[in-house]
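# Structural description and commentary
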Amino acid sequence: MPSMNMVQALNSAIDLMLSRDPDVLVFGQDVGYFGGVFRVTDGLQQKYGRRRVFDTPIAEGGIVGVAVGMAAYGLRPVAEIQFADYIYPATDQLISEAARLRYRSGSEFTAPITVRTPSGGGISGGQTHSQSPEAIFAHVCGLKTVIPSNPYDAKGMLISAIEDDDPVIFLEPKRLYNGPFDGYHDRPVTAWANHPLGEVPSDYYTVPLGRAAILREGSDLTIITYGTTVHVALTAAAESGVDAEVIDLRTLVPLDLDTIVTSVEKTGRCVALHEATRTCGFGAELAALVQESCFYKLQAPVVRVTGWDTPYPHALEWEYFPGPQRVIEAIRRVMEE
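Overview of the structure. (Residues numbered from 1 in each chain as written. Predicted model: local features only at pLDDT ≥ 70, side-chain atom pairs only at ≥ 80, totals over all residues. Heavy atoms only, no water.)

### Overview of the overall build of the chain
- A count of helices and strands for the chain gives twelve helices and twelve strands.
- A globule of 337 residues ought to have a C-alpha radius of gyration of about 20 Å, and the chain, at 19 Å, matches this closely.
- The principal-axis extent of the C-alpha atoms belonging to the chain is close to 60 × 45 × 40 Å.
- Within the span of the chain, comprising 337 residues, buried residues form 58% of the whole. (Helix = DSSP H or I, 4+ residues; strand = E, 2+ residues; numbered from the N terminus. Rg over C-alpha atoms; globule rule 2.2 N^0.38 Å. Buried < 20%, exposed > 50% of the residue type's maximum accessible area, 1.4 Å probe, protein only.)

See the structure below:
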């Protein structure tokens, strides 16, 4: 089985879907001739032509609006927003049109749209290239929100997203594009070839949306996380000396609540971890769900570890980012309750 980084895995997924389904189209800023700013669509226009893979103007609302029209008439558009920070002009089309199309038409029309966008920090992108807007989309009925943490899941879930008949926001943690990440910006990063999650089949497969993965089993405490901070959680769990279970949600909506409840009822303690800002972040929803579902099993309050309530800083990026040390402190605080 070949080893791939996340860029290669995503490229493989899009390539496969373009070859399997003539209704799949790929478009966005610089995705064609240039192959995308992160090279995810590299070589696809040359292989499938400008009618299947094409560039668009810098108009995010127009990109998604075109995708809605295409989807309503039977196509399966895969639209790229170059950075998640610039997706906001498209939110009206996503929320008021794509997410509502099935409901308002009584299922006469669907919106099989996949909107790919790089998200999160860790690349010195500053406040306009580092945002994590997943909680906005998780709040919207009718949208599915997906965030992979490794190449295998990225390919399998992107294929599932493209085949899904509902609109999917597919957030790609740009810090993970080219290799794994343990949460420390000053430690050497091992190649994906030496990481078990980097093994990716070259042929077709799917990873179902709505199913979390337990990446580390434990009995003392549950860490719930997704995307980049999965690797932070794994590092913190290994270094904390606590037998912590780590859950990678993979999909925020639909959410695999059963896996969360089973884990927290076993451990009795829970930490919710994400990179996005704290207030109204997805960790707040996780804390509420755990409290509602596991109240009588909890031995301590649920603790959130998140980014700060401030624009993503450039000079102090690693003070903002919730790294392993902050997670370890949270683990110890919960264990002392």
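### Observations concerning the pairing of strand E3 (residues 76–80)
- Counting buried positions along E3 yields five of five residues, so the element is predominantly enclosed.
- Covered by surrounding structure in E3 are Arg76, Val78 and Glu80 together with Pro77 and Ala79, the residues of both alternating faces.

### Here we look at the sheet that holds E3
- The strand order across the open sheet formed by seven strands is E2-E1-E3-E4-E6-E5-E10, and the pairing between neighbours is mixed. Two strands in the sheet have a free side with no partner beyond their single neighbour: strand E2 (53–55) and strand E10 (251–253). On average, each strand axis in the sheet is inclined to that of its neighbour by 20 degrees, with strand direction left out of account.
- Together, strand E1 (24–28), E2, strand E4 (114–119) and strand E6 (168–173) form the strand contacts of helix H1 (residues 6–20), whose direction differs from that of E1 by roughly 135 degrees.
- On top of the sheet, helix H3 (residues 60–72) reaches E1, E2 and E3; it is set at about 170 degrees to E1, its chief contact. (Pairing = 2+ DSSP bridges. Axes fitted to C-alpha atoms, helices over the stretch in contact; angles between N-to-C directions. Contact = heavy atoms within 4.5 Å.)

### What about the layout of surface pockets?
- By volume, the largest pocket is sized at about 280 Å³.
- Along the wall of the largest pocket there are 19 residues; nearest its centre are Tyr88, Ser132, Pro133, Ala276 and Thr277.
- Its residues placed into classes, the lining of the largest pocket shows nine nonpolar, eight polar and two charged.
- Approximately 230 Å³ is the volume attributed to the second largest pocket.
- Lining of the second largest pocket is provided by 13 residues; of these, Ala135, Ala138, His139, Phe282 and Glu285 occupy positions nearest its centre.
- Elements with a minimum of two residues in the lining of the second largest pocket: helix H6 (134–138), E10 and helix H10 (282–294).
- With four residues, the top contributor of residues to the lining of the second largest pocket is H10.
- In the lining of the second largest pocket, the residues fall into ten nonpolar, two polar and one charged. (1 Å grid on protein atoms, 1.4 Å probe; cavity = no way out; pocket = protein on both sides within 12 Å on 5 of 7 lines; lining within 4 Å. Points joined across faces, edges and corners; volume = space filled by probe spheres on them. Nonpolar A, V, L, I, M, F, W, Y, C, P; charged D, E, K, R; others polar.)

### Examining the side chain of Asp21
- On the secondary structure map, Asp21 appears in the loop between H1 and E1.
- Among buried charged residues, Asp21 stands out as having no salt bridge; its nearest opposite-charge side chain is Arg76, 4.1 Å away.
- For Asp21, the side chain forms a polar contact with the main-chain nitrogen of Asp23, separated by 2.9 Å.
- If we ignore the near neighbours within four places in the chain, the residues touching Asp21 are Arg52 and Arg76. (Lys, Arg positive; Asp, Glu negative; His and termini not counted. Salt bridge = Lys/Arg side-chain N within 4 Å of Asp/Glu carboxyl O. Polar contact = N/O pair within 3.5 Å; in protein donor to acceptor, adjacent residues only side chain to side chain.)

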